[in-house]
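Working through the structure, step by step
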Amino acid sequence: MVQDVVKSGGGALNADRCEKEIFTKIANLVGDRASTEKKFNEILSQYRTDILPDIVEGFNEYSETEKTRLSLVNELFCGLHLIDGLAHQANVTLSVWEGMIFGGDRVGSLRLGWMHGTAGESGTVRLIRTVCKAVQERGCEKSGKPVQFRTFLLSKNKTDYVPLVPFKGNRINVTFHNAAGVYFLYEDLLEFSREIQHENKLVSAVFEDLNVRQFLAGCRALGLICKFVTEPLWRALSKKEHVLEMNVRYRELVSKLREWQTDGMKCVRGEVCLFTDIEVHAGPVIEKLTEQSSSEFDELTGQAVELILASLVKVCCRMLADHLEHGRYDEVSEELYSRLESAPKTNVSCERDFGIFDNLLRVKTRATGIALEGMIMFKENRSWQWLSSLDSEKKSEVLSIARASVKDQRAVFCERMGTIREARLQAMRDKKQQKIQKEAKDIGTKEQLTVELGKYGGLWDSEEDIDEQLNSLETSARINAVVAQLKFRRFVIGMKNENGIFNISKAGKKLSLEELTNNLKSVVCRSIGMAAMLQEERDYSSAPLELVAEEKAQFLKEAATQHVKARDAGRKKGGLCQFRIPQIRRPEQLLGKIVKHAFDEAGNKVWYRGTVVSMRQESGSCIFKIKYDGFRKMWWFDLWKDYLDKYLELVSVIAEDIVGKKIEHMYVCSEDGTECWWPGRVVRANGREQFIVEYEEEENDDESAGVFEYPLLDDYAQNELRILS
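These numbers come from a predicted model, not from an experiment.

Thresholds applied
- Each chain carries its own residue numbering, running from 1 in the direction its sequence is written.
- Local features in this predicted model are restricted to residues whose pLDDT is 70 or higher, and side-chain atom pairs enter the listing and the counts only when it is 80 or higher, whereas totals over whole chains, interfaces and linings include all residues.
- Side-chain figures throughout are based on the complete set of non-hydrogen atoms in the structure, without hydrogens or water.
- What makes a nonpolar core is a set of buried Ala, Val, Leu, Ile, Met, Phe, Trp, Tyr and Cys residues whose side-chain atoms join them at distances within 4.5 Å.
- For each residue, the accessible area found with a 1.4 Å probe, counting protein chains only, is set against the maximum for its type, and the residue is called buried under 20%, exposed over 50%, and partly exposed in between.
- Here, residues are in contact when the closest pair of their heavy atoms is within 4.5 Å.
- Secondary structure elements follow DSSP: runs of H or I of four or more residues count as helices, runs of E of two or more count as strands, with numbering from the N terminus.
- Note on ring pairs: Phe, Tyr and Trp rings are taken, using the six-membered ring of Trp, and paired if centres are within 6.5 Å. Classes follow the plane angle, with under 30 degrees stacked, over 60 edge-to-face and the rest tilted.
- Here, a charge over a ring is recorded when the distance from Lys NZ or Arg CZ to the ring centre is within 6 Å and its angle to the ring normal is within 35 degrees.
- A strand pair is defined by DSSP finding two or more bridges across the two strands.
- Note on method: axes are straight lines fitted to C-alpha atoms, helices fitted across the in-contact stretch only, with angles between N-to-C directions ranging 0 to 180 degrees.
- Comment on the angle field: the value is read as roughly parallel under 35 degrees, roughly antiparallel over 145, roughly perpendicular from 65 to 115, and oblique elsewhere.
- Any residue that is not Ala, Val, Leu, Ile, Met, Phe, Trp, Tyr, Cys, Pro, Asp, Glu, Lys or Arg is counted as polar, Gly included; the first ten are nonpolar and the last four charged.
- Here the expected span of a helix is defined as 1.5 Å times the quantity of residues minus one.
- Here a salt bridge means any side-chain nitrogen of Lys or Arg lying within 4 Å of a carboxyl oxygen belonging to Asp or Glu.

1. Some words on the nonpolar core
Leu 82, Trp 97, Phe 149, Leu 233 and Leu 253 are the most contacted members of the largest nonpolar core, which totals 93 residues. When sequence neighbours within four positions are dropped, the list of residues in contact with Leu 82 reads Phe 77, Leu 233, Tyr 250, Leu 253, Val 315, Cys 316, Met 319 and Leu 320. In this structure, Ile 466, Met 495, Phe 502 and Leu 520 belong to the second largest nonpolar core, which totals 18 residues.

So this is what it looks like as structure tokens:
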């Protein structure tokens, strides 16, 4: 695809070279890491690698390290998409919280016979969305009442201030912002919708959801997060500063979220501040959000806030792993810092282009894709200003060339659209075929389970029936009968496998007949009592504290796991890890590295391979002892200076370089985050990536010694392993 874009203009060989040079200058990308974007980045990176030998003089004579650095493309994460990710996670978390409180009950507008919930949407977010459709001036044209609502506010001697924005055209932070507006307008919305609830279904749904105080508490929680988290974060992203200056802010964000999730009442009372240099905007909305209510409602809000904040920690640790501690952009070289000088913090300019494109699609419904692209490029490239600066003769020449190229441009566009269309059709055919195969497989499975069930007297629908049927069967057939009953209820009837109740094994071991029978009885009792439970009037309050604590702990556990996974994946994208070559940022990181050291001999650089085995401080500088391959004697040099002067290079490491060697392996203390180095010896390789390590016993620590298995080559590439012999 990239090559098609490069070659689409045609032209002479020198023009082709100029176009390639443009692509070699693309060093930084900012995006949301969507699957399509990842694929594009891979294609672009590969294309740049392919054309570098044609553009960079003497490229093939460079070392693998230098080649990798030149071909590397920095992939930065858009800060605004972080806010969008926080909104998505908040919605998911509110669904979990509401499930803790209501179970499977239909509450609010879902009790109306005609109302159906949207998959993945919490009741709180449904309330926010329907309120905006009902009273926001750009809401529902058919059932909305924006003019009537403003008139209602004026009739109550209030300002007609409605702090809501339309969902259309506002993607980032819209859920948080509108949640604050709904809570601010709650009393007026409730009175207004009560008076006209029978006029249409939209207002009726709004009225029903407004009467669920858990949804209102959810709106307040989202509004508080808007004022204390997402809005200050957005203003920080808008500051004109280096993109890596956000590293400190991102760490502070994660730290504050971890702190606040332990006590949500601080947020409810408005006693928190994310960034000291960014003030929280005062106004009637935040005054309403932090206004003291009943202790019960404040605690309900605090519970929602804590659960949401704990889940946001997970999102931040996953999305911001490259910018947090030990991430890809945590400590960068001066060269990389300079390369990132022009990189923006967000891709808001690209989002604006898509906004313009969306508006043009609505305004110019008959325009072709190439025409719409031309309009956007004409505006963004300031083509009119450039044409105006030309003299009349040059302008006529340029316009003539443009008119003459129309036919060729349309031909290329049509060819590209044909390729895309064929790819889409093929994908659709493949998807349809997979669907047919899946449906056929499901039908076969259900038929097989139905036949299997018939062998054991049909569906058992009570505890008495279960006991009676089991007693009538031979001992060897009882387990198969119970398994058939469980599978039929799960795969044919479609009951949910909550807490693994339909599983026939646990932790790799098959369940006993007694355990399977108890599970089946609990399933039967649950299905019998479900209808009666739905009819019960329940006194809904807050979620059980033990469930909330368990869910918060799970969020924080997932945050740690996802952070490490995303951080390591980002660091491997640095380009050098594929060669097992670490990126050195500080002198002390040279210790334990395998290197090539150059000396000037007869006017030429002669390289010697060796291992940096020791380090000492001398006159404020680090002096290193190096052992060269094939020499028994060792020498001391200022290797950091040689590294900066290109007289020292790190080389690729393989398994043979570390097996049998003495090492020091870095660990991070879980209590205070300090780094410690454990001495040991690599016994042998266990497969391609894993190595058996025998650690030495440290003084007063019998538990430190032992034999363990680790991926040492990855640890070496991440400066977490030193080779000392």
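2. Examining the environment of Val 332
Assignment of secondary structure puts Val 332 in the loop between helix 15 (295–319) and helix 16 (334–339). The sequence separation of Val 332 and Arg 585 amounts to 253 residues, and the corresponding C-alpha distance is 6.5 Å. Among all residues touching Val 332, those that are not within four sequence positions of it are Leu 244, Tyr 337 and Arg 585.

3. Focus on the packing of aromatic side chains
Within the structure shown, the criterion is met by 17 aromatic pairs. On the basis of an interplanar angle of 65° and a centroid distance of 6.0 Å, the ring pair of Tyr 161 and Phe 184 is categorised as edge-to-face. Here the residue Tyr 161 occupies a position in the loop between helix 7 (146–155) and helix 8 (174–184), and Phe 184 occupies one in helix 8, the gap between them amounting to 23 residues. A relative accessible area of 39% places Tyr 161 in the partly exposed class. With relative accessibility at 22%, the residue Phe 184 sits in the partly exposed group. Through pairs of rings, three or more aromatic residues link up here, namely Phe 599, Tyr 608, Tyr 628, Phe 631, Trp 635 and Phe 637. Its guanidinium or amino end placed over the ring of Phe 275, Arg 249 lies 5.0 Å from that ring's centre, counting from NZ or CZ. Lying over the aromatic face of Trp 607, Lys 596 brings its terminal NZ or CZ to 5.2 Å of the ring centre.

4. A look at the pairing of strand 7 (residues 621–628)
Sheet topology note: the strand 6 (residues 604–618)/strand 7 ladder contains eight bridges and is antiparallel. The residue of strand 7 that forms the bridge with Val 612 is Ile 626. Turn length for the strand 6-strand 7 hairpin, with the two strands adjacent in sequence and antiparallel, is two residues, and the turn residue Ser 619 shows positive phi of about 55°. Bridge count between strand 7 and strand 8 (residues 634–637): four bridges; the pairing is antiparallel. Directly across from Lys 625, in strand 8, lies its bridge partner Trp 636. From the end of strand 7 to the start of strand 8, which pair antiparallel, there are five residues, and Gly 630 there has a positive phi angle of about 90°.

5. Thoughts on the packing of helix 6 (residues 123–135) against helix 11 (residues 213–238)
Their axes nearest at 8 Å, the elements helix 6 and helix 11 cross at an angle of 80°. When the axis of helix 6 is compared with that of helix 11, the two are roughly perpendicular. Contacts between helix 6 and helix 11 pair Gly 123, Thr 124, Arg 126, Leu 127 and Ile 128 from the former with Gln 214, Phe 215, Gly 218, Cys 219 and Leu 222 from the latter. Along the lines of polarity and charge, the residues of the contact of helix 6 with helix 11 split into five nonpolar, four polar and one charged.

6. Comments concerning helix 15
Over its 25 residues, helix 15 extends 36 Å from the first C-alpha to the last, a length consistent with the 36 Å expected when each residue adds 1.5 Å. In terms of burial, helix 15 is a largely internal element, 21 of the 25 residues being buried.

7. A few points about the sheet that holds strand 6
With antiparallel pairing, five strands are arranged side by side in an open sheet as 8-7-6-5-9. Both outer strands of the open sheet, strand 8 and strand 9 (648–650), are each paired with one neighbouring strand and no more. Across the sheet, the axes of successive neighbouring strands diverge by a mean angle of 40°, strand direction being ignored.

8. Observations concerning the pattern of salt bridges
Under the defined criterion, the tally for this structure stands at 34 salt bridges. Lys 156 is the partner of Glu 191 in a salt bridge, and the nearest nitrogen-oxygen pair spans 3.1 Å. A residue pair is termed long-range when its members are at least 10 positions apart, and Glu 191 in helix 9 (residues 186–196) and Lys 156 in the loop between helix 7 and helix 8 qualify at 35 residues. With its nearest N and O atoms 3.4 Å apart, the salt bridge here joins Arg 609 to Asp 657. Pair noted here: Arg 609 is in strand 6 and Asp 657 is in the loop between strand 9 and strand 10 (662–668), with a separation of 48 residues, a long-range link. Here Arg 609 falls in the partly exposed class, since its relative accessible area comes to 34%. Assessed through its relative accessible area of 12%, Asp 657 is described here as buried. In this structure, a network of salt bridges that share partners links the residues Glu 241, Arg 249, Asp 277 and Lys 345.

Shape is all these values report; function is a separate question.
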